[in-house]
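Spelled out, the chains give:
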Protein chains: 2
Amino acid sequence: MNYIENRTFEELQVGDEASVERTLTDRDIRLFAALTGDVNPLHVDKEFAQDWIFQKIIAHGMWGGSLISSVLGTQLPGPGTIYLSQNLEFRNPIAAGEKVRTTVRVAEKHDEGHRLVVDCECRKANGEIAITGQARVIAPTKKVRRPRVGSSSVELHKAGARF
Amino acid sequence: MNYIENRTFEELQVGDEASVERTLTDRDIRLFAALTGDVNPLHVDKEFAQDWIFQKIIAHGMWGGSLISSVLGTQLPGPGTIYLSQNLEFRNPIAAGEKVRTTVRVAEKHDEGHRLVVDCECRKANGEIAITGQARVIAPTKKVRRPRVGSSSVELHKAGARF
């Protein structure tokens, strides 16, 4: 059984970091569009996207934002974290097929209210920064270790046929 | 045929707004977890969530962030918008079954670079604010009107059986 475990306020120090690596697929972009309703043609309309400045389909900026949130919620600090705020600067777009490493690093630790300021970035395999940002969270004080739940596979259907 | 159309920098004025209403389902939460890898037990583990301060499964904060991005990318300003940054303050959690109205409103318009500052909020049907934030975007200068693409249905599978 695979477990998910947090790092408590007491355990965490300034400079501690965690990251996840993921390669974005066409299917991820279509799924994100279907789920959030964000059918901006930059993300779903190949013909439009090719005429645009990036010249190809690009991912939703919030896809990167969601990867940041995912590292905060599952690894550092992980389960029990209360997410107070997130700033995101979208610096370069992410296209399908690109590998992205999302890293979060404790920048400040405040005993009052067990608050952390966490620096966040999504960096592409070619070295370009896609997103930078900063999160404020309340870190958990109680250790949590739970069986990992929710890694369902997802399928997309369109007009009765699978993508 | 359903179309998606932008509002250009020239057409937009301070105070202009757009919004979308959506009721969050259990399935949306599971899909968001599967897609982003954010399997924080607050979002997917009923037993854990019931013991937590909110006492039920709550949505990922970035689900609300994605609704904001969706309104910016499809309605105001819509297709052709370049997303520069987004700040999000998570004020109250959203639970399954709750209806959320996401509104964006032009707060500042700067001729230089066709930049807008846009106030954003997700408000629940019970009147509580779930998220507030501010986006900075470059608004399109060219009118875009495209057939709407990408409203695929999405299905979730787990261990071979549908949820």
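Preceding this section is the structure that the text describes.
Analysis parameters
Residues numbered from 1 in each chain as written. Chains lettered and ligands numbered in written order. Predicted model: local features only at pLDDT ≥ 70, side-chain atom pairs only at ≥ 80, totals over all residues. Heavy atoms only, no water. Phe/Tyr/Trp six-rings, centres within 6.5 Å; stacked < 30°, edge-to-face > 60°. Helix = DSSP H or I, 4+ residues; strand = E, 2+ residues; numbered from the N terminus. Buried < 20%, exposed > 50% of the residue type's maximum accessible area, 1.4 Å probe, protein only. Lys NZ or Arg CZ within 6 Å of the ring centre and 35° of its normal. Axes fitted to C-alpha atoms, helices over the stretch in contact; angles between N-to-C directions. Parallel < 35°, antiparallel > 145°, perpendicular 65-115°, else oblique. Left-handed = near helix turned anticlockwise from the far one by under 90°. Contact = heavy atoms within 4.5 Å. Nonpolar A, V, L, I, M, F, W, Y, C, P; charged D, E, K, R; others polar. Least-squares fit on C-alpha atoms with pLDDT ≥ 70 in both. Pairing = 2+ DSSP bridges.

Student: What's the story with the packing of aromatic side chains in this structure? I'm lost.
Tutor: For any pair of aromatic rings, the description consists of the separation of the ring centres together with the inter-plane angle of the planes. A full pass over the atoms with the stated rule returns three aromatic pairs over all chains. Centroid distance F32 of chain A to F32 of chain B: 6.1 Å. Interplanar angle 50 degrees. Geometry classified as tilted. Residue F32 of chain A is located in helix α1 (residues 26-36), and its partner F32 of chain B is located in helix α1 (residues 26-36); the two belong to separate chains. By the burial criterion, F32 of chain A is buried, and F32 of chain B matches it. A cation sits over an aromatic face here: K109 of chain A above F9 of chain A, 4.6 Å from the ring centre. Note that R145 of chain A overlies the ring of Y3 of chain A, its terminal NZ or CZ placed 4.0 Å from the centroid.

Student: Honestly, the packing of α1 of chain A against α1 of chain B in this entry has me stumped. Any pointers?
Tutor: Helices that pack against each other are described as a pair by the angle of their axes relative to one another and the distance between those axes. Direction vectors running N to C along α1 of chain A and α1 of chain B enclose 160 degrees, while the axes themselves pass 11 Å from each other. With respect to α1 of chain B, the element α1 of chain A is oriented roughly antiparallel. Seen from above, α1 of chain A lies across α1 of chain B with left-handed handedness. Touching D28, L31, F32 and L35 of chain A of α1 of chain A are D28, L31, F32 and L35 of chain B, all from α1 of chain B. Looking at the contact of α1 of chain A with α1 of chain B, its residues break down into six nonpolar, no polar and two charged.

Student: What exactly am I supposed to notice about the environment of G15 of chain A here?
Tutor: All names here are of chain A. Looking at the secondary structure, you find G15 in the loop between β1 (3-5) and β2 (17-23). On the basis of relative accessibility, which here comes to 38%, the residue G15 falls in the partly exposed class. Taking the C-alpha atoms as reference points, G15 and L31, separated by 16 residues in sequence, lie 34 Å from one another. Discounting chain neighbours no more than four positions away, the residues touching G15 are R105 and V106.

Student: Whenever I open this one, the relation of the copies chain A and chain B confuses me. Can you help?
Tutor: One copy of the chain maps onto the other through a rotation about an axis plus a displacement along that axis. Expressed as a screw operation, the relation of chain A to chain B combines 0.0 Å of axial shift with a rotation of 180 degrees, fitting to an RMSD of 0.0 Å. Here the symmetry operator amounts to a two-fold rotation axis. The C-alpha atom lying nearest the rotation axis in chain A is that of N87 of chain A; the distance is 2.1 Å. Taken together, the interface assignments show that 100% of the residues at the interface of chain A recur at the interface of chain B, consistent with an identical surface on both copies.

Student: Is there a simple way to explain the sheet that holds strand β6 (residues 129-138) of chain B in this structure?
Tutor: In any sheet, the strands associate via hydrogen bonds between backbone groups, in a parallel or an antiparallel arrangement. Spatial ordering of the open sheet is given by β2(A)-β4(A)-β5(A)-β6(A)-β3(A)-β3(B)-β6(B)-β5(B)-β4(B)-β2(B), a layout of 10 strands whose pairing is antiparallel. Each of the sheet's edge strands pairs with one partner strand only, and the pair in question is β2 of chain A together with β2 (17-23) of chain B. Ignoring strand direction, the axes of neighbouring strands in this sheet form an average angle of 15 degrees. Set on the sheet, helix α4 (residues 61-74) of chain A makes contact with β2, β3 (82-90), β4 (99-110), β5 (115-124) and β6 (129-138) of chain A together with β3 (82-90) of chain B; between it and β3 of chain A the angle comes to about 145 degrees.

Student: Help me understand the pairing of β6 of chain A in this model?
Tutor: Looking along a regular strand, one sees the side chains alternate between the two faces of the sheet. Residues and elements named next belong to chain A. For β6, the tally of buried residues reaches seven of 10 residues, placing the bulk of the element in the interior. Taken together, the nine bridges between β5 and β6 define a ladder with antiparallel strand orientation. Each residue of the ladder has a partner; that of E121, found in β6, is T132. Counting the residues between successive antiparallel strands, the hairpin from β5 to β6 contains four residues, one of them, G127, with a positive phi of roughly 95 degrees.

Student: Any chance you could explain the environment of C122 of chain A here in plain terms?
Tutor: All names here are of chain A. Mapped onto the elements, C122 comes out in strand β5. As for C122 and E21, which are separated by 101 residues in sequence, their C-alpha atoms are 9.3 Å apart. When near neighbours in sequence (up to four residues on either side) are disregarded, C122 contacts G64, I68, V100, R101, T102, E128, I129, A130 and I131.

Student: Would you mind going over unusual backbone geometry with me for this structure?
Tutor: Glycine aside, residues mostly have negative phi, and peptide bonds are mostly found in the trans state. All names here are of chain A. Residues L76 and P77 are joined by a peptide bond in cis, for which omega reads -5 degrees. Locating P77 in the fold gives a position in the loop between α4 and β3. Here H114, not a glycine, exhibits a phi torsion of approximately 50 degrees, which is positive. Within the element layout of this structure, H114 appears in the loop between β4 and β5. Using a relative accessible area of 32% as the deciding quantity, one classes H114 as partly exposed.

Student: Where do I start with α1 of chain A in this structure?
Tutor: Since the α-helix turns once every 3.6 residues, residues separated by three or four places project in the same direction. Residues and elements named next belong to chain A. Among the 11 residues that make up α1, eight are buried, leaving the element largely enclosed by the rest of the structure. All of the buried residues in α1 are D28, I29, L31, F32, A33, A34, L35 and T36. Of the residues one or two after α1, G37 is the one with positive phi, at around 80 degrees.

Read these as layout, nothing more, since geometry by itself doesn't imply function.
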